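Geometric and topological summary
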Amino acid sequence: MSRVSGWLVPRAIRLSLAIVAGLALCASFPPLGWWWAAIVGLALLVVVLKDPATTAAGGLGYGALCGAAFYLPLLPWISGLVGAVPWVALSLMCALFPALFGWLAIWVRDLPGWPVWIAAVWMVAEWLKSVIPFGGFPWGVLGFSQTNGPLLPLTRLGGVPLVSFVVAVVAACLVAIGLEILSWWRQSAKDRPPAVVLPGLCIAAALLAIAVVHPGVRQSGAGSDADPAVTVAAIQGNVPRLGLDFNAQRRAVLDNHVRETMRLAQEVRAGRAPQPQFVVWPENSSDIDPLANADAGEQISLAAEAIGAPILVGSVVTKPGSTRDNPAALNTVIVWDPVNGPGERHDKKIIQPFGEYLPWRSFFAKLSSYADRAGYFVPGEGNGVVQAAGVPVGITTCWEVIFDRAAREAVLSGAQVLAVPTNNATFDQTMSEQQLAFSRARAVEHNRYVVVAATTGISAIIAPDGRELARTEWFQPGTLTMAIRLRTDLTPATRWGPLVQYALVALGVGAILAGAWRRVRHNRGLLRPTQGASELETRGAS
């Protein structure tokens, strides 16, 4: 016990700061949405990593602790789908990336201009988390935490990764300013000001960029008479009850969306609602394959005829060649025309591992009974754009909206409005709020109106400046109808977003290599050790 307390007591402050840092990062996301907490949380973690007593192994541990405190309260909605054990396992897997950041940050913390390099190292960890394993899990990317804060306009310049970098660099710069002021205050002869030029310039540059971009973002949200207007509708039909077993009531879900569309058609005929050019139904609004089931197709046709507009129907379609021994399905959005029936479609390209499909199925099936719940979906093809009433609509179905490349490909392929059909029936309102934040970021990033249609909520229509123009209540049937404007321009983020991210990641990799080279030179006696390095060697704590 004395050995444990002897190890724990000197590290108690750093352990506490790491935990508080993770909780603050979580608080920056919905439902709290305290955007400033992301800066505070990352700053606290940087304070721990800048402590000369923190070794590389310590950085790994403190980063992992921060990550666990971040992701465990961020992702509990996962447990409603697959139980507590997979939720904890996913959260701890996500915590590995802050752990990696903590380890690598030790290598760059003594480089000149270290706040920039630490922020760039954060971008390396975020990028890795967005691509591995099994295609990545970008949930928790810091840029998504800023959708109700002043940094959101920067999304239009360089996408969500640029916002993440600005959050990280501002946090690190605030730590640098604090450390310099503390060092200056402790000096007996205060004959020089704190060395805060670089951190101050970084923060000033971020503020200047926001000031430059913000007016254009607000103007795009107000709209322009030069942009053609269309009226769209989003249908939230609701499901009989929450939980995985809602799929056993697939017909009831379809009937709910048909009924809500019929109700809108009555409102249109009575002159109480405008006539929509097209209607968006959620993902899985017809889990019955309407291309194979004549009755389901007939119900959708009746709804389309009643509303007099094509409906974008979220469907589950059997993939050609599927067999009982080798099943395969497509998560599809079909444009259902009131005259011609089913037409163009978007087959979901980025599918969710351990939900829509199970990687290494034979292996994981031996570990957990939850493996049987995973679907047999396969990724589709295409550019994400469908034509509805002559309007090119970009589709990012549920899981796809979190990945930068999905909406970007659709806009580059001509999409003038974005639609996000989603199914949140197996999750909770917190998950829906978090996912809605991703759609707000995409609206600003690509200067497009976004129509979100969810089975149980939250459905919304979002302006290009990120404002929610209308939204539904959670777990209630509802309809949103609104005139929006079509856009054809391409933002800097749409054009060059991936290059911005690659540049930031390359900056981080370069900083890591420079830090490693610096350490090699130090170990060979070719470099005078810094004060932090000297203390590190003498104290040897983690």
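The name an unreviewed UniProt entry gives the protein chain is Apolipoprotein N-acyltransferase, with Mycolicibacterium tokaiense as the organism. The annotation that UniProt attaches to the protein chain under Sequence similarities (unreviewed entry) is "Belongs to the CN hydrolase family. Apolipoprotein N-acyltransferase subfamily." According to its UniProt record, the protein chain has this under Function (unreviewed entry): "Catalyzes the phospholipid dependent N-acylation of the N-terminal cysteine of apolipoprotein, the last step in lipoprotein maturation."

**Remarks on the overall build of the protein chain**
A count of helices and strands for the protein chain gives 16 helices and twelve strands. Within the protein chain, residue pairs in contact and separated by at least 24 positions form 71% of the contacts whose partners lie at least 6 positions apart. On the protein chain, roughly 22,400 Å² of surface is accessible, and the fraction owed to carbon and sulfur atoms is 61%.

**Details of the confidence of the model for the protein chain**
Residues of the protein chain with pLDDT of at least 70 account for 84%, and the chain-wide mean is 87. Confidence over residues 243-247 falls short of pLDDT 50; this stretch has 13 contacts with residues more than four positions distant or in other chains. Ignoring residues within four places in sequence, the model shows residues 529-542, a span with pLDDT below 50, making 29 contacts including any to other chains.

**Considerations on the sheet that holds strand 3 (residues 311-318)**
What the six strands build is an open sheet, ordered 5-4-3-2-1-12; its pairing is mixed. Each edge of the open sheet carries a strand with a single partner, namely strand 5 (341-347) and strand 12 (478-485). Sheet twist, expressed as the mean angle between neighbouring strand axes with direction ignored, is 35 degrees. Bridging between strand 4 (residues 329-337) and strand 5 involves five bridges; their strand directions are antiparallel. Residue pairing across strands places Thr-332 opposite Asp-347, the latter belonging to strand 5. Along the sheet face, helix 10 (residues 250-269) touches strand 1 (229-236), strand 3 and strand 12 and points at about 140 degrees away from the line of strand 1.

**Observations regarding the packing of aromatic side chains**
This structure, assessed with the given rule, holds 13 aromatic pairs. With centroids separated by 6.2 Å and ring planes inclined at 15 degrees, the aromatic side chains of Phe-137 and Trp-139 adopt a geometry described as stacked. Here Phe-137 matches Trp-139 in class, with each residue buried. With 4.8 Å between their ring centres and 85 degrees between their planes, Trp-139 and Phe-438 make a pair best called edge-to-face. Of this pair, Trp-139 sits in the loop between helix 7 (114-131) and helix 8 (155-186) while Phe-438 sits in helix 14 (residues 429-446); the two residues are 299 residues apart in sequence, bridging distant segments of the chain. By relative accessible area, Trp-139 is classed as buried at 3%.

**Things to note about the side chain of Arg-448**
As for its position among the elements, Arg-448 is in the loop between helix 14 and strand 9 (450-454). You can call Arg-448 buried: its relative accessible area is 1%. One polar contact links the side chain of Arg-448 to the main-chain carbonyl oxygen of Asp-489, over a distance of 2.9 Å.

**With respect to the pattern of salt bridges**
Overall, the coordinates contain 15 salt bridges when judged by the stated rule. Between Arg-272 and Glu-267 there is a salt bridge, with the nearest N and O atoms lying 3.1 Å from each other. Between Arg-471 and Glu-433 there is a salt bridge; the shortest N-O distance is 2.9 Å. Taken together, the residues Arg-471 in strand 11 (residues 468-471) and Glu-433 in helix 14 connect sequence positions 38 residues apart. Residue Arg-471 is classed as partly exposed on the basis of its relative accessible area of 36%. Within this structure, Arg-251, Asp-255 and Asp-295 form a network of salt bridges that share partners.

**What to know about a nonpolar patch on the surface**
On the surface, Leu-32, Trp-34, Trp-36 and Val-40 cluster together into a nonpolar patch covering about 400 Å² of accessible area. When you line up the elements, Trp-36 lands in helix 3 (residues 35-50). The partly exposed category is assigned to Trp-36, whose relative accessible area is 43%.

**Considering helix 15 (residues 492-523)**
If you check helix 15, its first and last C-alpha atoms are 44 Å apart, about what 32 residues at 1.5 Å a residue would give, namely 46 Å. If you check which residues of helix 15 are buried, you get Ala-493, Thr-494, Gly-497, Gln-501, Leu-504, Val-505, Gly-508, Ala-511, Ile-512, Gly-515 and His-522.

**Some details on the sheet that holds strand 7 (residues 391-395)**
Pairing within the open sheet is mixed, and its six strands lie in the order 6-7-8-9-10-11. Where the open sheet ends on each side, the last strands, each with one partner, are strand 6 (385-388) and strand 11. With strand direction ignored, the average angle separating the axes of adjacent strands in the sheet is 25 degrees. Sheet topology note: the strand 8 (residues 417-422)/strand 9 ladder contains five bridges and is parallel. Across the sheet, the residue bridging to Thr-422 is Ala-454, located in strand 9. Contacting strand 8, strand 9, strand 10 (460-462) and strand 11, helix 14 crosses the sheet at an angle of about 25 degrees to strand 10.

**A short note on the packing of helix 6 (residues 84-108) against helix 7**
Interaxial distance between helix 6 and helix 7 falls to 9 Å at its minimum, and their mutual angle equals 150 degrees. In terms of orientation, helix 6 lies roughly antiparallel with respect to helix 7. Between helix 6 and helix 7 lies a crossing of right-handed hand. Of helix 7, the residues touching helix 6 (which contributes Cys-94, Phe-97, Leu-100, Phe-101, Leu-104, Ala-105 and Val-108) are Trp-114, Trp-117, Ile-118, Val-121, Trp-122, Ala-125, Leu-128 and Lys-129.

**Digging into unusual backbone geometry**
Backbone torsion omega between Pro-30 and Pro-31 reads 15 degrees, so that peptide bond is classified as cis. Note that the residue after Gly-457, namely Ile-458, is joined by a cis bond; omega there is 5 degrees. With respect to the helices and strands, Ile-458 occurs in the loop between strand 9 and strand 10. With phi around 55 degrees, Ala-389 is a residue other than glycine that occupies positive phi space.

Criteria and cut-off values
- Throughout, a residue's number is its position along its own chain's written sequence, starting from 1.
- With the structure being a predicted model, the display of local features is reserved for residues of pLDDT at least 70 and the display and counting of side-chain atom pairs for 80 or more, all residues being used for whole-chain, interface and lining totals.
- Note that water and hydrogens are dropped before the side-chain values are worked out from all heavy atoms of the structure.
- UniProt positions are given in the numbering used here, feature names are shortened, and annotations may be inferred rather than shown by experiment.
- The helix and strand labels rest on DSSP assignments: H or I over at least four residues marks a helix, E over at least two residues marks a strand, and numbering proceeds from the N terminus.
- Any pair of residues with heavy atoms lying within 4.5 Å of one another is described as a contacting pair.
- The Shrake-Rupley method, run with a 1.4 Å probe sphere, supplies the accessible areas, and residue values consider only the shown protein chains as cover.
- Each residue carries a pLDDT score, the predictor's confidence in it, ranging from 0 to 100.
- Strand pairing is assigned whenever DSSP detects at least two bridges linking the two strands.
- Comment: axis = line fitted to C-alpha atoms, over the contacting stretch for helices; angle = value between 0 and 180 degrees taken between N-to-C directions.
- Think of it this way: a Phe, Tyr or Trp ring, Trp meaning its six-membered ring, pairs with another when their centres are within 6.5 Å, and the plane angle makes it stacked under 30 degrees, edge-to-face over 60, tilted otherwise.
- Burial classification: accessible surface area is computed with a 1.4 Å probe over protein chains only, and a residue below 20% of its type maximum counts as buried, one above 50% as exposed, and the rest as partly exposed.
- As used in this structure description, the phrase polar contact means that two N or O atoms lie within 3.5 Å; if the pair is within protein, one of them must be able to donate a hydrogen and the other to accept it, and residues adjacent in sequence are counted only when both atoms belong to side chains.
- The salt bridge criterion pairs a side-chain nitrogen of Lys or Arg with a carboxyl oxygen of Asp or Glu, the two atoms within 4 Å.
- Each patch is built from residues lacking any salt bridge and having more than 30% relative accessible area; the joining distance is 9 Å for like charges and 5 Å for nonpolar side chains (Val, Leu, Ile, Met, Phe, Trp, Tyr).
- In a helix, the anticipated span is given by 1.5 Å times the number of residues less one.
- By definition in this entry, angles of less than 35 degrees are roughly parallel, angles greater than 145 are roughly antiparallel, angles of 65 to 115 are roughly perpendicular, and the rest are oblique.
- Crossing handedness is defined as follows: a turn of the near helix away from the far one that is anticlockwise and smaller than a right angle gives a left-handed crossing, while the clockwise case is right-handed.

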